[in-house]
Amino acid sequence: MKYSVNELVKKIDDVKLKHKLILANATVLLIPVLLFAMITFNYNKKMIIQDSIRDMEIALTEEYNQIQNNIEAFNTSIQFIENNKYFIEILSKSSIQKTLNIEELIEFKLKEVGAIQRIININPYVSNIRVYISNSNLPEMWPVLYHSSRLDQLSWYDQDRQEMSPWQIDYNYEGKSSLGGEKEHLIARVKKIYDSSNKYIGLLEISAPMKSFFPGMYNISEEHWTGFVKQDDRLYWNSDGDQYNWGNKIEEIVEIIERESEDENGFNKVFHVRGTPIIIGYQPINTLGGALIKVTSLKKQFQSLNKNGYIFVFATLILFGILTFVLNKVINIILGKLYYIIELMRKLERGHLDIEIPELGKDEVGDLALSFKKMHSQIRFLIDTNIKKETLAKDAEIRALQNQINAHFIYNVLESIKMMAEIEERYQISDAVTALGRLLRYSMRWKSQMVTIQEEIEYVKNYLILLNLRYDYTIILSIDIPSIIVQQEIPKMSLQPIIENAVLHGIEELAKDTTIYIKGKVVGDKYYIEVTDTGKGMNESEFALLQKKLAGALQKETSTHNGIGLNNVKQRMQLHFGSAANIEASTKQGCYTKVRMIIPIINQ
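A quick note: this is a predicted structure, and the numbers were derived from the prediction, not measured.

So, about the overall build of the protein chain. Looking only at helices and strands, the protein chain has 16 helices and 17 strands in total. For the protein chain, with 604 residues in total, the buried portion stands at 40%. By sequence separation, contacts in the protein chain at least 24 residues apart represent 61% of the contacts at least 6 residues apart. Of the roughly 35,500 Å² of accessible surface on the protein chain, a fraction of 53% belongs to carbon and sulfur atoms.

Taken together, the six bridges between strand E12 (residues 475-480) and strand E14 (residues 514-523) define a ladder with parallel strand orientation. Its bridge partner being in E14, Leu477 is matched across the sheet by Ile516. Counted between consecutive antiparallel strands, the loop separating E14 from strand E15 (residues 526-533) contains two residues, among which Gly524 sits at a positive phi close to 65°.

This part covers the sheet that holds strand E8 (residues 267-273). Across the sheet, five strands lie side by side as E7-E6-E10-E9-E8; this open sheet has antiparallel pairing. With partners counted over all chains shown, the strands left at the sheet margins are strand E7 (235-236) and E8, one partner each. Pairing of strand E9 (residues 276-285) with strand E10 (residues 290-297), which is carried by eight bridges, proceeds in the antiparallel orientation. By the bridge assignment, Gly281 is partnered in E10 with Lys294.

Moving on, we come to helix H16 (residues 566-577). With twelve residues, H16 should reach 16 Å at 1.5 Å per residue; the first-to-last C-alpha distance of 16 Å fits that figure. Among the residues of H16, Leu566, Asn568, Val569, Lys570, Arg572, Met573 and Phe577 are the ones counted as buried. The first or second residue beyond H16 is Gly578, which carries a positive phi of 85°.

All right, on to the packing of helix H12 (residues 453-470) against helix H14 (residues 495-507) then. One way to put it is that H12 packs onto H14 with a least axis distance of 9 Å and a crossing angle of 30°. Classed by the angle they form, the pair H12 and H14 counts as roughly parallel. Every pair of crossing elements has a handedness; the one defined by H12 and H14 is right-handed. For the pair H12 and H14, contact is made by Glu456, Ile457, Tyr459, Val460, Tyr463, Leu464 and Leu467 and by Leu495, Gln496, Ile499, Glu500 and Val503, respectively. Split into classes, the residues belonging to the contact of H12 with H14 amount to nine nonpolar, one polar and two charged.

Here we take up the sheet that holds strand E4 (residues 186-194). Read across the open sheet, the five strands follow the order E2-E1-E5-E4-E3; overall the sheet is mixed. Taken across any chain shown, the strands that pair with only one partner, and hence form the sheet edges, are strand E2 (145-147) and strand E3 (167-171). For this sheet, the mean angle separating the axes of adjacent strands, direction not counted, is 25°.

This paragraph deals with the pattern of salt bridges. Taken as a whole and judged by the stated rule, the model has 15 salt bridges. One salt bridge in this structure joins Lys526 and Asp525, with 3.7 Å as the shortest N-O distance. What makes Asp525 exposed here is its relative accessible area of 52%. A salt bridge links Lys594 to Glu530; its shortest N-O distance comes to 4.0 Å. With Lys594 in strand E17 (residues 592-600) and Glu530 in strand E15, the pair connects residues that are 64 residues apart, well separated along the chain. Within this structure, Lys521, Glu530, Glu584, Lys594 and Arg596 form a network of salt bridges that share partners.

For residues besides glycine, phi is generally negative; the peptide bonds are generally trans as well. Cis geometry marks the peptide bond from Trp142 to Pro143; its omega dihedral reads 0°. Not every positive phi belongs to a glycine, and Asp233 is a case in point at roughly 75°. Take Asp233: it is sitting in the loop between strand E6 (224-230) and E7.

It is worth spelling out helix H15 (residues 540-551) at this point. Between its first and last C-alpha atoms H15 spans 16 Å; for twelve residues at 1.5 Å apiece the expected length is 16 Å, and the two agree. Looking one or two residues beyond H15, the residue adopting positive phi is Gly552, at roughly 75°.

Our next topic: the confidence of the model for the protein chain. Do not read the fine detail of predicted coordinates wherever pLDDT is low. On average, the protein chain scores 79 in pLDDT, and the residues at 70 or more come to 78%. Ranking the helices and strands of the protein chain by mean pLDDT puts E15 first, with 93, and helix H10 (residues 407-423) last, with 60. Every residue in residues 557-564 scores below 50 in pLDDT, and together they form ten contacts with partners more than four places removed in sequence or on other chains.

Take Ile201: it is sitting in strand E5 (residues 200-209). On the basis of relative accessibility, which here comes to 3%, the residue Ile201 falls in the buried class. Each C-alpha atom of the pair Ile201 and Ile133 lies 6.0 Å from the other, and the pair is 68 residues apart in sequence. Sequence-distant contacts of Ile201, that is, excluding residues within four places in its chain, are made with Ile88, Leu91, Ser92, Tyr132, Ile133, Ser134, Ile193, Tyr194 and Asp195.

Counting through the fold element by element, Ser494 comes out in the loop between strand E13 (489-491) and H14. Once you skip the residues sitting within four places of it in the chain, Ser494 turns out to touch Glu456, Val569, Arg572 and Met597.

Counting across every chain of the model gives 16 aromatic pairs. Three or more aromatic residues link up through ring pairs in this structure, and these residues are Phe74, Trp167, Phe213, Phe214 and Phe228. Between Lys111 and the ring centre of Tyr86, over which it is positioned, the NZ or CZ distance is 5.9 Å. We note Lys269 situated over the ring of Phe267; from NZ or CZ to the ring centre the distance is 5.6 Å.

Within the secondary structure layout, Glu112 lies in helix H4 (residues 102-122). For the buried residue Glu112, which engages in no salt bridge, the nearest side chain bearing the opposite charge is Lys111, 4.2 Å off. A polar side-chain atom of Glu112 sits 2.5 Å from a polar atom in the side chain of Asn84. In contact with Glu112, other than residues within four places in its own chain, are Asn84, Tyr86, Phe87 and Glu107.

Before going further, it helps to examine the environment of His576. Along the chain, the position of His576 falls in helix H16. Here His576 falls in the partly exposed class, since its relative accessible area comes to 38%. Once the C-alpha coordinates of His576 and Ile490 are considered, the two residues, 86 residues apart in sequence, prove to be 8.4 Å apart. Ignoring anything within four residues of it in the chain, the contact list for His576 reads Gln449, Met450 and Pro491.

Cut-offs applied
Residues numbered from 1 in each chain as written. Predicted model: local features only at pLDDT ≥ 70, side-chain atom pairs only at ≥ 80, totals over all residues. Heavy atoms only, no water. Helix = DSSP H or I, 4+ residues; strand = E, 2+ residues; numbered from the N terminus. Buried < 20%, exposed > 50% of the residue type's maximum accessible area, 1.4 Å probe, protein only. Contact = heavy atoms within 4.5 Å. Areas by Shrake-Rupley, 256 points an atom, 1.4 Å probe, with all protein chains shown as cover. Pairing = 2+ DSSP bridges. Expected span 1.5 Å × (residues − 1). Axes fitted to C-alpha atoms, helices over the stretch in contact; angles between N-to-C directions. Parallel < 35°, antiparallel > 145°, perpendicular 65-115°, else oblique. Left-handed = near helix turned anticlockwise from the far one by under 90°. Nonpolar A, V, L, I, M, F, W, Y, C, P; charged D, E, K, R; others polar. Salt bridge = Lys/Arg side-chain N within 4 Å of Asp/Glu carboxyl O. pLDDT = per-residue confidence, 0-100. Phe/Tyr/Trp six-rings, centres within 6.5 Å; stacked < 30°, edge-to-face > 60°. Lys NZ or Arg CZ within 6 Å of the ring centre and 35° of its normal. Lys, Arg positive; Asp, Glu negative; His and termini not counted. Polar contact = N/O pair within 3.5 Å; in protein donor to acceptor, adjacent residues only side chain to side chain.

This is the structure:
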């Protein structure tokens, strides 16, 4: 939108004088400098993230390719052994014959077992190949051939388990000297071996150190961390060398992985863990039944960037603060009386109606003070008039309800019904009529708009007695109110609408025995009355609608179940007790709804 010179001048004239000076200072000095600093900072931050993501992609790809090479080396070794028909034949033959002759044993050891040992020697990705044969007729030939009884020394082996994972990750032979005594963390490819007739003859284990299989996992630093997570959420990482406290962040990192790992192709994204910006690289490795995780912390890079930015901004703000301080001093001297009137206006805006507005002379500021004083008097008059009108309107509304029915006629009819029920020995009906009579007598007695909480509780008890006649289930009333509270006064019919809402909106749909708890407690110079139903609760949209009604943000609605309503109760309490009185609500869907009345203590 374009402005002419005159329009631009008018726009500037509409701005307050103090703001004009401060705005001029900010426009000339602060805003351009801060904008430049912000743009530079965001650009540098973006470049740091882009470079780190690119480095993460490269590192993740390199380690993924190396792991795939390791996997291929394991699979190649398995294929070599499975395709060695003579080796398989000897293992199968030993399970049938008691022994082999010495020539066969020597030839087997030198040729077949030696070939497997050569695989280990020429393959840098494999450190051990062991075959655990199911029959002990064939002697053990270390370090390749072992009897299956030694499987019990392996931590991952479970003879009762029908199937086992083809990959066993992070185990060792510590304390098992009979199997070589390797104490480092290992990963193994495990596979059952069958002969040509599909008969089980042994278990094959090909292993390598975790350090060579997952090299990044053993290269932890303050900025870099690598781990491997399986599909069952088990996490493997080098916790032995965690001198950089990555362990404190791992749980949150795993939660992020679980939330973001829907992409089968992996991802590289920026997250924040315990206030630290990090890049998480996630690369699924389906063969191993899990995914490779690499994490790069941007904390140091961002700290350096932030430090330089803070120094620049801090220096700029100090200069701006000095200039603003000087301007304020000048403005306060020149426009002191005007600021005094503005402060009085702010107090009035905050609700302080008891301010005193003095006469400040005959100049323009004095004229302003005189007009403000007249406005203040008119506001007080209008507020007092409005309160009186609202009070009279509420009284008229309640009395209109009272005059709809002839009280004496209803009492006499109920007494007659009660006597008839007692004559017929229908005592349940008699008790119900008694409760109804008490309820109506309480409702139609309007000598005073205020009643004690004890009287209101008795009314609620009679109300629930009658409600329980309607339902196939029972609503139990649990009351826990200290003696100091029960004699406090509240507007009549304040608790009943809350109980009615609890039944209609929280309990009725459940149709089962339920309890409503009424609890009171004293907090400072106020007391709380909490009404809690163990009903169906509310979802977020229903609770948001209730909050709007309590805040008066929605137009008043007439309800056949609750003619007064929670907002009506809140308004009546605030008419009697002022803004210190309030109604709050909380809920949990499927569990409960709690309504809390907050009322100042009047009599102690």
